[in-house]
There are 2 protein chains.
Amino acid sequence: MGFNFLFSLYMWGFGLSLNKVISIDAMGGDNSPGVSIEGLSIALKNLDNFSAILYGDEEKIKTEVEKNSISKNKIDIIHCNKVVPMDAKPIDAIRRIGKESSMWGCIKSVSDNNSEIAISAGNTGALMGLSAIILKKLDGIERPAIASYWPNKNGRSVVLDLGANVEVSSNQLVQFGILGYAYALTVLEKENPSVGLLNIGHEEMKGTESIQEASQKMKKLFKDNYIGYVEGDDISLGKSDVVVTDGFTGNIALKTAEGTAKLIGHFMSDAFKKSFLGRLSYLIGINSFKELKDKMDPRELNGGVFLGLNGLVVKSHGGTDAIGFSKAIEFSLKLSHSKMSKTIKKLVSKNI
Amino acid sequence: MGFNFLFSLYMWGFGLSLNKVISIDAMGGDNSPGVSIEGLSIALKNLDNFSAILYGDEEKIKTEVEKNSISKNKIDIIHCNKVVPMDAKPIDAIRRIGKESSMWGCIKSVSDNNSEIAISAGNTGALMGLSAIILKKLDGIERPAIASYWPNKNGRSVVLDLGANVEVSSNQLVQFGILGYAYALTVLEKENPSVGLLNIGHEEMKGTESIQEASQKMKKLFKDNYIGYVEGDDISLGKSDVVVTDGFTGNIALKTAEGTAKLIGHFMSDAFKKSFLGRLSYLIGINSFKELKDKMDPRELNGGVFLGLNGLVVKSHGGTDAIGFSKAIEFSLKLSHSKMSKTIKKLVSKNI
């Protein structure tokens with residue numbers, strides 16, 4: 001009993017220290033602030049170990065907060081005059097729109113240590129541009145990358161870059177490898193993560209020169225953890241825990257996978273709706289259909305994290321709904337509870 | 001009745017002229033010549049308006065021909081001493097292995113007008129290298145491309161390049177656009193094909209410089225038929241009839257889509273196998289499941305065609321089975337019956 005009491009006290013202290021503050025760009029995304037605040041309210045029902053600072057139009061935010069009955073001691077609202085439009089160029093978000101935007105304030109709060117992580121469903125290019133300006137790159141990292149979960153047969157892997165860098169050098173690919181390795185170690189909780197480089201074949205002579213160079217360098221750096229080239233279908237097979245690629249290819253691969261899943265969903269509803277037996281089969285197997293639907297639900301994996309900066313920023317899909325946004329919040333909390341940031345700093349300072 | 005009689009005569013004449021000769025590299029692919037010859041026997045059961053010249057080891061081919069009871073007046077066998085291994089470099093296929101390979105003979109038969117189209121499940125790089133050497137590029141085309149069907153909600157589109165050219169210039173992308181447009185017009189039978197350029201966003205400033213340049217050029221050339229940038233998920237949505245991209249990105253996108261479909265298939269069997277109701281639902285809806293499985297079957301779309309050469313070459317997936325190979329044969333016959341080659345020549349000479 002004495003132990004249990006001490007244990008409870010310890011957990012209580014631990015629980016307190018686990019209380020995280022996140023900052024949310026309430027105005028980012030296609031249907032904001034409605035989606036982001038309803039998303040927050042869902043996340044607060046699932047997890048209560050955090051509070052949020054909301055950046056954006058105070059009036060609009062207050063209306064949504066009341067509509068969703070969010071407790072006032074769970075949030076702070078910081079009014080911002082401006083919003084970065086979904087089609088703004090990064091340079092305009094930085095110079096023309098500047099410090100008064102909800103996106104700027106949301107990221108600034110991380111660099112001011114007012115929050116541990118910033119979340120936005122806004123314009124990706126602008127969010128990356130502002131993040132690089134405000135949080136600055138880690139020493140040794142030339143370009144930050146966007147990383148995200150990818151489902152596979154055995155669980156999940158991490159793929160990066162998913163769209164921040166259209167063209168990359170071999171050194172940058174190696175740096176993405178280090179960032180991804182730290183992610184796999186701490187967020188995917190793999191003891192001994194394997195690293196693969198995305199290419200159009202497994203043979204040495206495949207791909208561009210910068211990929212071939214990166215492969216040589218990664219072999220030296222990661223030794224047996226580097227498994228060489230992986231192909232597009234190897235990602236979903238889970239052939240490696242980390243998949244490294246440039247932002248152009250990564251973005252195309254991610255969206256192609258999303259499109260394929262949608263198409264199969266469409267074929268499925270088509271095949272089962274049109275006959276009596278198909279509809280009956282659906283009714284009887286409804287739990288199996290639901291399980292499958294959940295596994296194919298892109299909202300479950302919503303949230304890409306910017307790696308390689310002095311601070312964490314999570315990008316939610318711009319067109320997601322409240323459930324999707326709540327998943328991005330839960331993902332952010334998982335990141336901030338993990339040792340990822342520390343591990344990245346250690347690995348980068350040791351290896352670059 | 002007079003008309004019907006004349007019509008029958010016409011169709012009879014038409015039917016005769018429709019009898020095609022194809023050449024098959026019987027030794028290409030992972031399990032040859034077994035797979036290619038069983039594939040031929042399936043195709044001959046479905047379609048009888050063609051005959052085949054088989055290139056490869058005569059003894060082995062004869063054994064398989066007998067095993068599959070293929071009528072001898074439907075085939076010719078040309079013995080070849082050598083085989084291009086699946087991992088050979090193109091330069092070795094051309095210089096070291098040379099003219100005695102089954103792959104060389106198979107392509108040469110098209111340039112000698114002994115057959116209308118060459119099919120191989122062999123090494124892609126070697127097949128492209130030999131095709132370019134033997135058939136020569138069309139005037140005006142700098143680099144041939146690999147094109148293939150892509151299923152979407154409304155039917156099919158064509159995507160190219162799928163792996164022949166790792167790096168491309170803006171002019172080469174425009175040339176791929178012309179080749180794809182001709183394919184969409186004649187093989188997909190679209191009256192007014194739309195053309196899209198694969199990119200990581202719809203806005204003008206997205207992507208590499210060569211993509212942005214290609215976009216300007218395609219706008220001038222295709223006018224209203226050019227719909228601008230399409231993203232990865234737009235391919236399966238069928239947003240454009242033609243999707244133009246470089247061979248690196250196209251190959252990654254194609255394989256990622258295949259991997260995603262496999263993963264979903266895996267999730268599906270998982271979800272329905274583990275409960276009694278799931279298994280019951282499967283039994284009752286077996287026809288719907290079968291329809292879905294057929295739609296997701298990559299064998300249905302087996303066969304990429306090399307465009308931009310003086311002659312047609314179809315590449316079958318190296319690891320396909322006999323049904324998959326038979327689909328590549330049927331696809332080849334569809335191509336050779338279409339006006340694609342003529343249309344490509346006309347469009348290229350008019351626009352490049």
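Each remark here, short or long, concerns the structure printed above.
These lines cover the structure that appears in this document, whether it is placed above or below. Here the structure is a predicted model, which means the values were calculated and not measured.

1. Overview of the relation of the copies chain A and chain B
Screw-axis analysis of chain A against chain B gives a translation of 0.0 Å along the axis, an RMSD of 0.1 Å, and a rotation angle of 180°. Given the turn and translation reported, the copies of this chain are related as if by a two-fold rotation axis. Every residue of chain A has its C-alpha some distance from the rotation axis, and the shortest such distance is that of Ser281 of chain A, at 2.2 Å. Comparing contact sets, 100% of the residues at the interface of chain A also lie at the interface in chain B, consistent with an isologous, same-surface contact.

2. A look at the sheet that holds strand β11 (residues 312-315) of chain A
Residues and elements named next belong to chain A. Strand order in the open sheet made by the 11 strands is β3-β2-β1-β4-β11-β10-β5-β6-β9-β7-β8, with mixed pairing throughout. Edge strands, defined here as strands with exactly one partner in the open sheet, are β3 (75-79) and β8 (226-230). Averaged over neighbouring strand pairs, the angle between their axes works out to 25° when direction is ignored. Across 6 bridges, the pairing between strand β5 (residues 145-152) and strand β6 (residues 155-160) is antiparallel. Bridge assignment links Pro151 to a residue of β6, and that residue is Arg156. Helix α8 (residues 209-222) rests against β7 (195-198) and β8 of the sheet, and its axis sits at about 175° to β7.

3. Some points on the pairing of β7 of chain A
Residues and elements named next belong to chain A. Neither face of β7 is left uncovered, since the one carrying Val195 and Leu197 and the one carrying Gly196 and Leu198 both have all their residues buried. Here β7 runs beside β8; their pairing, made up of 4 bridges, is parallel. Of the residues in β8, the one forming a bridge with Val195 is Tyr226. The pairing of β7 with strand β9 (residues 242-244) spans 3 bridges and is classified as parallel. Residue pairing for β9: Leu197 is matched across the bridge by Val244.

4. Focus on the nonpolar core
Counting residues in hydrophobic clusters, the biggest one holds 210 residues, and the most contacted among them are Ala147 and Leu160 of chain A together with Ala147 and Leu160 of chain B. When near neighbours in sequence (up to four residues on either side) are disregarded, Leu160 of chain A contacts Ala145, Ile146, Ala147, Phe176, Leu179, Gly180, Val244, Gly250 and Leu307 of chain A.

5. Focus on helix α11 (residues 276-284) of chain B
Buried residues of α11 of chain B: Gly278, Ser281, Tyr282 and Ile284 of chain B, and no others. Down the axis of α11 of chain B, the sector holding all buried residues measures 165°, keeping them to one side. Against α11 (276-284) and α12 (286-296) of chain A together with α10 (247-273) and α12 (286-296) of chain B lie the buried residues of α11 of chain B.

6. Observations concerning the sheet that holds strand β11 (residues 312-315) of chain B
Residues and elements named next belong to chain B. What the 11 strands build is an open sheet, ordered β3-β2-β1-β4-β11-β10-β5-β6-β9-β7-β8; its pairing is mixed. The sheet is open, and its two borders are formed by β3 (75-79) and β8 (226-230), each paired with just one other strand. Taken over all neighbouring pairs, the strand axes of this sheet differ in orientation by 25° on average, direction set aside.

7. Comments concerning the packing of helix α2 (residues 34-46) of chain A against helix α13 (residues 322-337) of chain A
Residue and element names in this part refer to chain A. Where α2 contacts α13, the axes come no closer than 7 Å and their chain directions differ by 55°. The orientation of α2 with respect to α13, classified from their angle, is oblique. Between α2 and α13 lies a crossing whose hand is right-handed. For the pair α2 and α13, contact is made by Val35, Ser36, Glu38, Gly39, Leu40, Ile42, Ala43 and Asn46 and by Ala322, Ile323, Phe325, Ser326, Ile329 and Glu330, respectively. When its residues are assigned to classes, the contact of α2 with α13 shows 8 nonpolar, 4 polar and 2 charged.

Conventions we followed
- Residues numbered from 1 in each chain as written.
- Chains lettered and ligands numbered in written order.
- Predicted model: local features only at pLDDT ≥ 70, side-chain atom pairs only at ≥ 80, totals over all residues.
- Least-squares fit on C-alpha atoms with pLDDT ≥ 70 in both.
- Contact = placed C-beta atoms within 7 Å.
- Pairing = 2+ DSSP bridges.
- Helix = DSSP H or I, 4+ residues; strand = E, 2+ residues; numbered from the N terminus.
- Axes fitted to C-alpha atoms, helices over the stretch in contact; angles between N-to-C directions.
- Buried ≥ 20, exposed ≤ 12 C-beta atoms within 10 Å, placed from the backbone.
- Core = buried A, V, L, I, M, F, W, Y, C linked by C-beta atoms within 7 Å.
- Arc of directions from axis to C-beta.
- Parallel < 35°, antiparallel > 145°, perpendicular 65-115°, else oblique.
- Left-handed = near helix turned anticlockwise from the far one by under 90°.
- Nonpolar A, V, L, I, M, F, W, Y, C, P; charged D, E, K, R; others polar.

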